[in-house]
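Structure assessment
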Amino acid sequence: MSAIITSQIRDEIKRVNGGAFAGNRGNLLPVLQHLQARFGGISGEAMQEVADAVGLRPVEVEEIVSFYSFLRKDTAGRFIIRLCRTLSCEMQGKKQVANQLESELGIRFGETTPDKLFTLEYTNCMGMCDQGPAMLVNDRIFTHVTPEKVHRIVTECRRQFGEYQTGLVDFNPNIRKVGPILTGISEAEAGLRRALRMPRSEVIGEIRAAFLRGRGGAGFPVSTKWQIAAAAKGANKYVVCNADEGEPGTFKDRLLLLDFADKVIEGMTIAGYAIGATQGLIYLRGEYAFMREELEESISNRRKKSLLGQSIFGKEDMVFDVDIRMGSGAYVCGEETALIESMEGKRGEPRNRPPFPVNTGFMSCPTAVNNVETFVNAALVLDKGPEWYKQNGTAQSTGTKLFSISGDCISPGIFEFPLGISISEVLEEAHGEDAKAVQIGGASGQCVPRSGFERCISFEDAPPGGSIIVIGPDRDMLDVAENFLEFFAEESCGQCIPCRKGTQVLLEGVRLLRRGDCSLEYLARLRKLSASMKIASKCGLGQSAPNAFMGIVDHFQDELLGRRPKE
Ligand code: SF4
């Protein structure tokens, strides 16, 4: 390595946060992300320099680089093209686009062109399931990609050699149905203003009275989380917005972050007041890097209006600020302890629980981690009051919910429905009535066959998650199972054997079924394995990875058994 290159690396390291890294591992990911963008990869020399700057051993830096799919040791081409391979994009013609990309570039997936201009890769869900096939070119997202479009995009990249662009192309917000959240019925800052007039405990009381449950999937009562964090001892406390929306089929937070960022941050500020935190962090997934600038602008505008920073609304003891931390392509970081590990500059591997983040979270301090939509709902509750909020939904599932709907329906997009709505009503709205099944809550959710379409989407019945993928009458359910299991096998962090090996064995089982080589006895063993994975896996990824497989085996056994090889 020449002295010139080494000094370039050092200069670039200094550019991030003014080079203030010594002893602060939390800065590791930002500096690696910067070097990746600047040099197209993180060489051994770069890892050595970063290790020296942060105060780690080079092997510890290498562990991080190897964990995140958006970081790499080899040097990528000037344009990294990442084609989404998750189910909704697959359903909309991903295969034809993949073929065209390989033929246009003259390389296979996983390769770089000899002129170092293009690297071609697959990626998992990038939150554009309603307008696939979707692909990223560096940080720029292209939607509705066709083979013809591939030619135009590649030509444009060749012409604009070296230009680094970000943004969305041919994007449609696809808002199909609005309710209290999306109509903007909640006046700007009204929730925060009202919250700050109450004692902190009363704010949590309002959330409890509204029976607001987390919108990230598990549906944990928000007031319980905030109550424990408020009572926990710690000089510093944190509020974290989980904007790592990586569940296949889910893209509702995309809309909230793009068009309702102020409401998200208002909700975070209310949470900060309620638990006594002075710092909020938005963990934004790497695939949503194109949103970062606008989010930073929202934060900066709020600081100028004294809605963030010191003495918010003139209340002297109300101090709260927000920063953004970027993810780097790891689905498991949607799990709250993995997300915290990632923000601390480590591999995004889930922690053992307890202790829970509300007691021992970011930097070992009490931390309330909530989903983007949860914060918007919290602001709505504080503005309109719990009784008003409970007018929608059911006893155990209050309020409305955003749904990302994609797959085999005429009107994919984002819908706001009251919780408790039936699946058949949802399909009617999205014009997907002839579906033979729906996948609710993404790859880790439930597969519901047509016979279950009168079920209600609520925490009492079919858990809502954030998405519904409509599966049309002509789809092969093994394609669905294979796609999801490929996803889990790749995204497993590998910490525990039931998940690491189990996802691979189930995937192989699906391939045996496809070849007509899976006996009933082996199928029974796969079911047992699925049940063990649900019990023995350390985190939600391994526990939920068999869900779709088991649902498909339970409900579509006739379709699966006695298969002959697919042409
Ligand atoms: Fe990692 Fe899977 Fe274990 Fe979760 S269940 S800790 S993702 S190996």
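The preceding data block contains the structure.
Heads up: these notes are all about the structure in this document. Since the model is a prediction, treat every value here as computed from it, not as a measurement.

1. With respect to the overall build of the protein
When helices and strands are tallied, the protein shows 23 helices and 15 strands. Taken over C-alpha atoms, the radius of gyration comes to 23 Å for the protein, in line with the 24 Å a tight globule of 567 residues would show. A buried classification covers 58% of the 567 residues belonging to the protein. Taking contacts inside the protein between residues at least 6 apart in sequence as the whole, the part at least 24 apart equals 72%. Accessible area of the protein: about 22,400 Å², with a carbon and sulfur share of 48%. Each charge sign in the protein was given a centre, from 67 positive and 73 negative side chains, and these centres are 3 Å apart.

2. Looking at a negative patch on the surface
On the surface, Glu425, Glu428, Glu433, Asp434, Glu454 and Asp474 cluster together into a patch of negative charge. Following the sequence through the fold, Glu425 ends up in helix α17 (residues 423-430).

3. Digging into the site of the ligand
Surrounding the ligand, one finds 13 residues, the nearest of these being Cys493, Gln495, Cys496, Cys499 and Cys539. Class assignment for the residues of the shell around the ligand results in seven nonpolar, five polar and one charged.

4. Examining the packing of helix α10 (residues 222-231) against helix α12 (residues 261-275)
Their axes nearest at 8 Å, the elements α10 and α12 cross at an angle of 45 degrees. Viewed along their axes, α10 and α12 adopt a mutual orientation that is oblique. Counted together, Trp226, Ala229 and Ala230 of α10 and Ile270, Ala271, Ala274 and Ile275 of α12 form the full contact between these two elements. Considering only residue class, the contact of α10 with α12 consists of seven nonpolar, no polar and no charged.

5. Things to note about α12
Taking 1.5 Å per residue, 15 residues should reach 21 Å; α12 reaches 21 Å between its end C-alpha atoms and fits that length. Within α12, 14 of the 15 residues are buried, which leaves it mostly tucked inside the rest of the structure. Remark: Gly276 follows α12 within two positions and exhibits a positive phi of approximately 85 degrees.

6. Some remarks on helix α20 (residues 520-536)
Each turn of an α-helix holds 3.6 residues, which means side chains three or four residues apart point in the same direction. An ideal rise of 1.5 Å per residue puts 24 Å on 17 residues; α20 measures up with 24 Å between its terminal C-alpha atoms. The complete set of buried residues in α20 reads Leu523, Leu526, Ser530 and Met533. Summarising the axial view, the buried residues of α20 lie within an arc of 70 degrees, below the 170-degree limit, and thus occupy one face. In α20, the exposed residues that point more than 90 degrees away from the buried face are Glu521, Arg525, Lys528 and Ile535. On the buried face of α20, the contacting elements are α19 (497-515), α21 (540-544) and α22 (547-555).

7. Remarks on the pattern of salt bridges
For the structure shown, the criterion picks out 46 salt bridges. The residue Arg72 makes a salt bridge to Asp74 at a minimum N-O spacing of 3.3 Å. Classification of Asp74 as partly exposed rests on a relative accessible area of 41%. Put simply, Arg285 and Glu287 hold a salt bridge, and the shortest N to O gap is 3.4 Å. Given the relative accessible area of 3%, Arg285 is considered buried. Judged by its relative accessible area of 8%, Glu287 is buried. Each of Asp476, Asp479, Glu482, Glu486, Arg511 and Arg514 takes part in a single network of salt bridges with overlapping partners.

About the thresholds
- Residues numbered from 1 in each chain as written.
- Predicted model: local features only at pLDDT ≥ 70, side-chain atom pairs only at ≥ 80, totals over all residues.
- Heavy atoms only, no water.
- Helix = DSSP H or I, 4+ residues; strand = E, 2+ residues; numbered from the N terminus.
- Rg over C-alpha atoms; globule rule 2.2 N^0.38 Å.
- Buried < 20%, exposed > 50% of the residue type's maximum accessible area, 1.4 Å probe, protein only.
- Contact = heavy atoms within 4.5 Å.
- Areas by Shrake-Rupley, 256 points an atom, 1.4 Å probe, with all protein chains shown as cover.
- Lys, Arg positive; Asp, Glu negative; His and termini not counted.
- Charge placed at Lys NZ, Arg CZ, Asp CG, Glu CD.
- Patch = residues over 30% accessible without salt bridge, like charges linked within 9 Å, V, L, I, M, F, W, Y side chains within 5 Å.
- Salt bridge = Lys/Arg side-chain N within 4 Å of Asp/Glu carboxyl O.
- Near = heavy atom within 4 Å.
- Nonpolar A, V, L, I, M, F, W, Y, C, P; charged D, E, K, R; others polar.
- Axes fitted to C-alpha atoms, helices over the stretch in contact; angles between N-to-C directions.
- Parallel < 35°, antiparallel > 145°, perpendicular 65-115°, else oblique.
- Expected span 1.5 Å × (residues − 1).
- Arc of directions from axis to C-beta.

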